[in-house]
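Breakdown of the fold
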Amino acid sequence: FSKAMSQAGTSQFQEVIRQELEYSMKVELDKILATAPSNELEHTKKDLEGFKKLFHRFLQEKGPSVDWGKIQRPPEDSIQPYEKIKARGLPDNIASVLNKLVVVKLNGGLGTSMGCKGPKSLIGVRNENTFLDLTVQQIEHLNKSYNTDVPLVLMNSFNTDDDTKKILQKYSHSRVKIYTFNQSRYPRINKETLLPIAKDVSYSGENTECWYPPGHGDIYASFYNSGLLDNLIGEGKEYIFVSNIDNLGATVDLYILNHLMNPPNGKRCEFVMEVTNKTRADVKGGTLTQYENKLRLVEIAQVPKAHVDEFKSVSKFKIFNTNNLWIALSAIKRLQEKNAIDMEIIVNPKTLDGGLNVIQLETAVGAAIKSFENSLGINVPRSRFLPVKTTSDLLLVMSNLYSLNAGSLTMSEKREFPTVPLVKLGSSFTKVQDYLRRFESIPDMLELDHLTVSGDVTFGKNVSLKGTVIIIANHGDRIDIPAGALLENKIVSGNLRILDH
C-alpha cells in the first residue's frame, strides 16, 4: 500500500513539475513572439505553436523506447519485392499518371560535415554538376520525354533558403516548375533548464545557434501551412515522391508510380516506403516492423539498450528505410487537419561552440507511416539508395563506377558485381577542398573491392585501384601515388614500401 502511495505521490509530483515547465516555456515563447516584426508575426506564431505541441509531447512521453515484445515481422504482403511491381509493366497512358506527381526534395541541410558553407545541395558531385543540377536535369528529362508537367518542390530550412533561391534563377528556362517552402524554425533549449536559449526572434549573427530546423518530419505541417499543398491538390496533383536531395539514386520510378495510381486490388496506398536490403554498412538504419497491427518504422534511437545488437542483426532485420517515400496529398491534408500525424520525438543533444549543452526536438518523415491507411513497403534494388554523406561517398559517384545520363547515375556495365566497393578515406580527406586537392584525377575503380586511405596521401593522374588497397602514411610521412600506378591487392605504408596484400 505504502509503495502504491509513494508511486502516486511521485507521479503527482512529476505532473506538477511538468505543468511548471510548460508554463515557463509558454512565458518564454510569448516574450520571443513579442519581438517579432509585424511582417513575420503570423509565421513566427505558427512555428512557436508547433514547437509548443512538440515540447508538450516531449514532457508527456516516458522516453523513446518501443515495447520490444510487441515488435513483429511485417506480414508477407506488406513489403512487396520491386520485381513484382515492375513485372506489371506500364500502361499506355503513363503521361497522365506522371501528371499527377510532384517531386519533393528535402533541402534543409548544410554541407558542414564535408567542410562546405551553404546548402549541401550546391556541392559539385559530378562533372561540375551539383545535387540540385542533377535533380533538375532528371525531372526535365522526364517532362520532355513524356510531354508532362512534373514540378519540383524544395523543402528548405532557414539555413538554406536564401542561397537556394539565388541559385534557382539559373533554371528559369528549364522545363521544370520549381516551388519552395520553408520548414519550421524552432528554438534550441538549454539541457539543464529546458528553456529556450533565444531571447528574441532574430537568427543572424550571434543568434544563429539559438534556432534549428526540426528534422524532415516537419514536412507535413510546413507543406500544409505554406498553402502549397492546397495549390497542388487544386492543380490535380495526387502523390508526392519525397527523398533526400543527397540521395543520387532517388529518381522517379514509373513502375512504383503506376502501382500507386493503378493498384492491382483497386485499393490505393496512402504511403509507400522504399526499403532495401541491409549490408554491414547499414546496421543502424531504421527498419519496418509490424507493431500493434500497423506498419511502423523503428529507428535505432527507439530500441531499448538491451536489444540494440538484435536490432543491428542483418539476419533478423533484413531491410532498412531509404527515405524514398510516396505519399498521397489528400491523406496529408486530411491527417494534418485532424492533427492526427503521430511521429516519435527524436531528442538530439548538441554542444554549442561556447560549450553550452542544448537539445533539439526533431521528428522523421518516415515515422508517420503508421498514421496513414493502407501503407506499403517496397523492397527496391540497392541502386535506389546512393547517398553522398562524406567524401568517401563522393569518390564513388565521381568515379568510373557510374555513368551519368540525363541527371541519373547508373552503375557501369563494366563493373562485374552489383555492389560498390567499401571506401574509407581518412581525416585528411574530410573537407571537399582537401579531398579535391589530393586527387589529380579520380582513379579507375571498376575492379576495386575495398579502399582504405589514412594520413597525408596524394594520387597522381590515371591511377588504377583493384581488389583490396590499403594506403597508410604514418604521422609526419607523406605518400604520393605516382601517375599511372596500378595498385592491386596492395598495402602501402609509411615510406612507400608497396607490399602484396
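Remember, it's a predicted structure, so these values are computed and weren't measured experimentally. (Residues numbered from 1 in each chain as written. Predicted model: local features only at pLDDT ≥ 70, side-chain atom pairs only at ≥ 80, totals over all residues. Heavy atoms only, no water.)

**A short note on the overall build of the protein chain**
Where we set the bar: The numbering of helices and of strands both runs from the N terminus, where a helix is a DSSP run of H or I of at least 4 residues and a strand a run of E of at least 2. Type-normalised accessible area, obtained with a 1.4 Å probe on protein chains alone, sets the label of each residue: buried when under 20%, exposed when over 50%, and partly exposed for intermediate values. Here, two residues are considered to be in contact whenever any of their heavy atoms come within 4.5 Å of each other. A 1.4 Å probe and the Shrake-Rupley method give the accessible areas. Residues count as covered only by the protein chains that appear here.
The helix and strand inventory of the protein chain stands at 13 helices and 26 strands. Taken over the C-alpha atoms alone, the protein chain extends approximately 75 × 60 × 55 Å along its principal axes. A total of 501 residues make up the protein chain; the buried ones form 51% of that total. Of the contacts formed within the protein chain by residues at least 6 apart in sequence, a portion of 71% connects residues at least 24 apart. Looking at the protein chain as shown, the accessible area adds up to about 24,100 Å², and 50% of this sits on carbon and sulfur atoms.

**Quick word on the domain arrangement of the protein chain**
The criterion, for reference: Annotation comment: domain bounds sourced from an automatic or database domain assignment. Reported buried area values correspond to the accessible surface (1.4 Å probe) lost by two parts on association, with both partners' losses combined. Any N or O atom pair separated by 3.5 Å or less is treated as a polar contact, with the protein-specific requirement of one donor-capable and one acceptor-capable atom, and with residues adjacent in sequence counted only for side-chain atom pairs.
For the protein chain, the assigned domains read domain 1 (68-384) and domain 2 (391-493). Taking only C-alpha atoms into account, the centre of domain 1 sits 30 Å from that of domain 2. The interface of domain 1 with domain 2 comprises 16 residues on the first partner and 16 residues on the second. Taken over both partners, the interface formed by domain 1 and domain 2 buries close to 1,200 Å², and the fraction arising from carbon and sulfur atoms is 63%. Applying the counting criterion to the domain 1 and domain 2 interface returns five residue pairs in polar contact (both at pLDDT 80 or more). Those elements that place two or more of their residues in the side of domain 1 that touches domain 2 are β3 (124-126) and α5 (131-146). The element that contributes the greatest number of residues to the side of domain 1 that touches domain 2 is α5, accounting for four residues.

**Re the pairing of strand β2 (residues 101-107)**
Inclusion rule: Whether two strands pair comes down to DSSP finding at least two bridges between them.
Within β2, seven of the seven residues are buried, which leaves it mostly tucked inside the rest of the structure. Residues of β2 alternate between two faces, with Leu101, Val103, Lys105 and Asn107 on one and Val102, Val104 and Leu106 on the opposite face, all of them buried. Pairing of β2 with strand β10 (residues 239-244) involves six bridges; the strand directions are parallel. Note that in β10 the partner of Val103 across the bridge is Phe241. Judged from the five bridges that link them, β2 and strand β5 (residues 152-156) form a sheet pairing that is parallel. Following the sheet pairing, Leu106 is matched in β5 by Met155.

**Comments concerning the pattern of salt bridges**
Condition: Take a side-chain nitrogen of Lys or Arg and a carboxyl oxygen of Asp or Glu: if they are within 4 Å of each other, that pair is a salt bridge.
Scanning the entire structure with this criterion turns up 27 salt bridges. With its nearest N and O atoms 3.3 Å apart, the salt bridge here joins Glu28 to Lys31. Taken together, the positions of Glu28 and Lys31, both in helix α1 (residues 2-33) and three residues apart, correspond to about one turn of that helix. Salt-bridge contacts for Glu292 lead to Lys70; the nearest nitrogen and oxygen are separated by 2.7 Å. Of the two residues, Glu292 is situated in the loop between β12 (287-291) and β13 (294-298) and Lys70 in the loop between α2 (41-60) and β1 (79-81); the sequence distance between them amounts to 222 residues. Taking the relative accessible area as the measure of exposure, Lys70 reaches 34% and is therefore partly exposed. Linked through salt bridges whose partners overlap, the residues forming this network are Arg57, Arg296, Asp342, Glu344 and Lys370.

**A word on the sheet that holds strand β11 (residues 271-277)**
Cut-off, in case you're wondering: In this analysis an axis means a line fitted to C-alpha atoms, helices contributing only their contacting stretch, and an angle means the value between N-to-C directions, from 0 to 180 degrees.
Pairing within the open sheet is mixed, and its eight strands lie in the order β1-β17-β11-β14-β10-β2-β5-β6. What marks the edges here is a single partner per strand, and that holds for β1 and β6 (178-182). Each strand axis lies, on average, 25° off the axis of its neighbour in the sheet, ignoring direction. In terms of strand pairing, β11 meets strand β17 (residues 376-379) through four bridges, oriented parallel. Each bridged residue has a counterpart across the sheet, and for Glu274 the counterpart in β17 is Ile378. Sheet strands touched by α5: β2, β5 and β6. Its angle to β5, the strand with the most contacts, is close to 155°.

**Some points on the UniProt feature "binding site: substrate" (unreviewed entry) in the protein chain**
Applied cut-off: UniProt positions are given in the numbering used here, feature names are shortened, and annotations may be inferred rather than shown by experiment.
UniProt's entry tags His216 with the feature "binding site: substrate" (unreviewed entry), counted in the numbering of this structure. Tracing the backbone through its elements, the reader meets His216 in the loop between β9 (211-212) and α7 (219-225). According to the relative accessible area criterion, His216 is partly exposed, its value standing at 27%. In this view, His216 contacts Leu106, Met155, Asn244, Asn323, Thr363, Ala364 and Val365; residues no more than four positions away in its chain are not counted.

**So, unusual backbone geometry**
You will see that Asn462, though not glycine, has its phi angle at about 55°, which is positive. Mapping Asn462 onto the fold places it in the loop between β22 (456-459) and β23 (464-472). Residue Asn462 is classed as exposed on the basis of its relative accessible area, which comes to 58%. Phi at Asn489 takes a positive value of approximately 50°, unusual for a residue other than glycine. Tracing the backbone through its elements, the reader meets Asn489 in strand β25 (residues 486-493). Among the residues examined, Asn489 registers a relative accessible area of 28% and is labelled partly exposed.

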